[in-house]
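# Observations on chain architecture
Here's the letter readout for the chains.
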Amino acid sequence: MQKTFIGILLVILGVVLFALNNSAVVSINFWEWGVESNLSLVIIIAVTFGAMTSFILSLPYRAKKNHEIKNRDKSIKRLENQVRQLEKEIKNKVDEKRKEQNEPNEMAD
C-alpha cells in the first residue's frame, strides 16, 4: 500500500513538473467546440480525467475481488471452526482410550 502511494506521488510529481515546463498556449478542438488554454493546465486536466476514469472503471473489478475475499474469509473461519471441533473430538477419543486402557490395569491390581 505504501509503495503504491509513493508511486502515485512520483507520477503526480512528474506530471506537474512536465506541465510546468510546457506552459505554451495551445488550441484544443473537439468537434465544433474549441478553446485555447495553457498546455500545463490541459495536461493536468487530462491526467486527472484519465485517473478518475481508470478508478471508476476499476470499481466493478475491485468490488468482485472484495466479494471473493469476504467469501474466502468466511470459508476460512468455517474451516477453522471445523478443525477446532475435530481437535476436540480427537482429544475426547484419546482421553476415552486412555481411560479404557487404565481401567483393566486397575482391576487387575
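Cut-offs used in this document
- Residues numbered from 1 in each chain as written.
- Predicted model: local features only at pLDDT ≥ 70, side-chain atom pairs only at ≥ 80, totals over all residues.
- Heavy atoms only, no water.
- Salt bridge = Lys/Arg side-chain N within 4 Å of Asp/Glu carboxyl O.
- Helix = DSSP H or I, 4+ residues; strand = E, 2+ residues; numbered from the N terminus.
- Buried < 20%, exposed > 50% of the residue type's maximum accessible area, 1.4 Å probe, protein only.
- Pairing = 2+ DSSP bridges.

## Some words on the pattern of salt bridges
Counted by the stated rule, this structure contains two salt bridges. Two residues, Glu 68 and Lys 65, come together in a salt bridge whose shortest N-O distance is 3.4 Å. Taken together, the positions of Glu 68 and Lys 65, both in helix H2 (residues 39-108) and three residues apart, correspond to about one turn of that helix. Residue classification places Glu 68 among the partly exposed residues on the basis of a relative accessible area of 23%. Here Lys 91 ties to Asp 95 by a salt bridge, and the two come within 3.3 Å at their closest N and O atoms.

## Focus: the pairing of strand E1 (residues 25-30)
Where E1 meets strand E2 (residues 33-38), six bridges bridge the pair, whose relative direction is antiparallel. Bridging across to E2, Asn 29 finds its partner in Gly 34. Between E1 and E2, which pair antiparallel in sequence order, lie two residues; one of them, Trp 31, sits at a positive phi of approximately 50 degrees.

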